[in-house]
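Per-entry structural report
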Amino acid sequence: MKKPISKHEYQKLVEKKAPGSHVVRNLFAAFFTGGLICTVGQGIMMLVKSFGADKDTVAAVTSITMIFLGAFLTGINVYDEIGKFGGAGASVPITGFSNSIVSPAMEFKKEGYVMGVGAKMFLIAGPVLVYGIFASVVAGIVYFIWKQVM
Amino acid sequence: MIDLLKAFLLGGVICVIGQLLIDLTKLTPARIMVLFVVCGVVLGLLGIYPCLVDWGGAGATVPLTGFGNVLAKGVMKDVDEFGFLGVFTGGVKAAAAGITAAVTFGYIIAITSKARIKK
């Protein structure tokens, strides 16, 4: 029979083992989850393209579909499980963006439809849009100046 | 078929970068998302991101960096077309489908579904 280890020793063992193996596990989970979500997106893209849609339509329909899937899977409480497994693999794709809209909106529904659902929807999406749009304005100004100079 | 594999690989790698930032820098997922969109805008402006889109397809367009790239692409297109006014119109115009879909579906699904009771 193995000698039982004390709580203290076990704690030390866990601390020694956990961080490294955790990081590696998380990276694999993120790679697999994110990769799979993008593969689904690629599949949708190829399907829409096969109907003879032009490039812009294909891109728009694909993001709309992915956003719907993310929102739907959040509504049936599946996406949060994917997020627990995949970490950044679930939050970095556009499906994670719609998850970040639906999840707090559902949770804060009891605070009402205006300040609950309406406001809390943008808890994370708000900052993303603020910085994204602001960055696009800065990019536009840089591009405008660059065009005058060149 | 090879396109599916490329999308898997590129999408996976982009998400791994996000996971590395979470694990190594303790940045929250919300900050990662903001960072990725802004990076997408910068890489789009520099013309680097369109190369990734050409190679990896949805592997580049589905992550949030792709959303940033769309914003950059739109703003440059409108600056070409309308001059300085394009700075204000281009980004959101290009991202309109995504933003409207997110708000609409998000709202409908949020009000029709029930949050699971958190233990």
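Above this text you will find the structure in question.
Okay, so let's go over this structure. (Residues numbered from 1 in each chain as written. Chains lettered and ligands numbered in written order. Predicted model: local features only at pLDDT ≥ 70, side-chain atom pairs only at ≥ 80, totals over all residues.)

**Notes on the packing of helix α5 (residues 64–82) of chain B against helix α6 (residues 86–112) of chain B**
Residue and element names in this part refer to chain B. The condition that has to hold: Note on definitions: angles span 0 to 180 degrees between N-to-C directions of axes, and those axes are lines fitted to C-alpha atoms, for helices only across the stretch in contact. In DSSP terms, a helix is any run of H or I states spanning at least four residues, a strand is any run of E spanning at least two, and both are numbered starting from the N terminus. For classification purposes, an angle smaller than 35 degrees is called roughly parallel, one larger than 145 roughly antiparallel, one from 65 to 115 roughly perpendicular, and anything else oblique. When the near helix sits turned anticlockwise from the far one by under a right angle, the crossing is termed left-handed; a clockwise turn instead gives a right-handed crossing. Throughout, a pair of residues is in contact if the C-beta atoms placed from their backbones lie within 7 Å. Each residue is assigned to one of three groups, with Ala, Val, Leu, Ile, Met, Phe, Trp, Tyr, Cys and Pro labelled nonpolar, Asp, Glu, Lys and Arg labelled charged, and all others, Gly among them, labelled polar.
Relative to each other, α5 and α6 sit at 135°, their axes nearing to 7 Å. Judged by the inter-axis angle, α5 sits oblique to α6. Note that α5 runs across α6; the crossing there is right-handed. Residues Phe 67, Val 70, Leu 71, Lys 73, Gly 74, Val 75, Met 76, Lys 77, Asp 78, Val 79, Glu 81 and Phe 82 of α5 form the contact with α6, whose participating residues are Gly 86, Val 87, Thr 89, Gly 90, Gly 91, Lys 93, Ala 94, Ala 95 and Gly 98. For the contact of α5 with α6, the class distribution of residues is 10 nonpolar, six polar and five charged.

**Let's talk about the interface of chain B and chain A**
You'll often see interface size given as the accessible area lost when the parts meet. Tallying the contact residues gives 61 residues for chain B and 65 residues for chain A. Elements with a contribution of two residues or more to the side of chain B that touches chain A: α1 (2–25), α2 (29–45), α4 (58–61), α5 and α6 of chain B. When residues of the side of chain B that touches chain A are assigned to their parent elements, the largest contribution, 17 residues, is made by α6(B). By residue class, the composition of the side of chain B that touches chain A is 43 nonpolar, 15 polar and three charged.

**Some thoughts on unusual backbone geometry**
Going by this rule: To sort residues by burial, count the other C-beta atoms lying within 10 Å of each one's C-beta; a count of 20 or more means buried, 12 or fewer means exposed, and anything in between means partly exposed. C-beta atoms are built from the backbone.
Here the phi dihedral of A:Asn77 falls at roughly 60°; this positive angle occurs in a residue that is not glycine. Locating A:Asn77 in the fold gives a position in the loop between α2 (55–75) and α3 (79–86). Residue classification places A:Asn77 among the partly exposed residues on the basis of 14 C-beta atoms within 10 Å. Despite not being glycine, B:Lys26 shows a phi value in the positive range, around 60°.

**Focus: the nonpolar core**
This is how it is decided: For this entry, the nonpolar core is defined as buried Ala, Val, Leu, Ile, Met, Phe, Trp, Tyr and Cys residues connected by C-beta atoms within 7 Å.
Counting 70 residues, the largest nonpolar core has B:Met33 and B:Val37 as its most contacted members. Sort the elements by how many residues they give to this core and helix α1 (residues 7–50) of chain A lands first, with 10 residues. Look past the residues within four positions of B:Val37 in its chain and what remains in contact with it is A:Val128, A:Tyr131, A:Gly132, B:Leu64, B:Phe67 and B:Gly68.

**Section: the packing of helix α7 (residues 122–149) of chain A against α5(B)**
With their axes 9 Å apart at the nearest point, α7(A) and α5(B) run at an angle of 40° to one another. The angle between the axes of α7(A) and α5(B) places the two elements in the oblique class. In this structure, α7(A) crosses over α5(B), and the sense of that crossing is right-handed. Residues A:Gly132, A:Ile133, A:Ala135, A:Ser136, A:Ala139, A:Gly140, A:Tyr143 and A:Phe144 of α7(A) pack against B:Phe67, B:Gly68, B:Leu71, B:Ala72, B:Val75, B:Met76 and B:Val79 of α5(B).

Function cannot be inferred from these measures alone, as they are strictly geometric.
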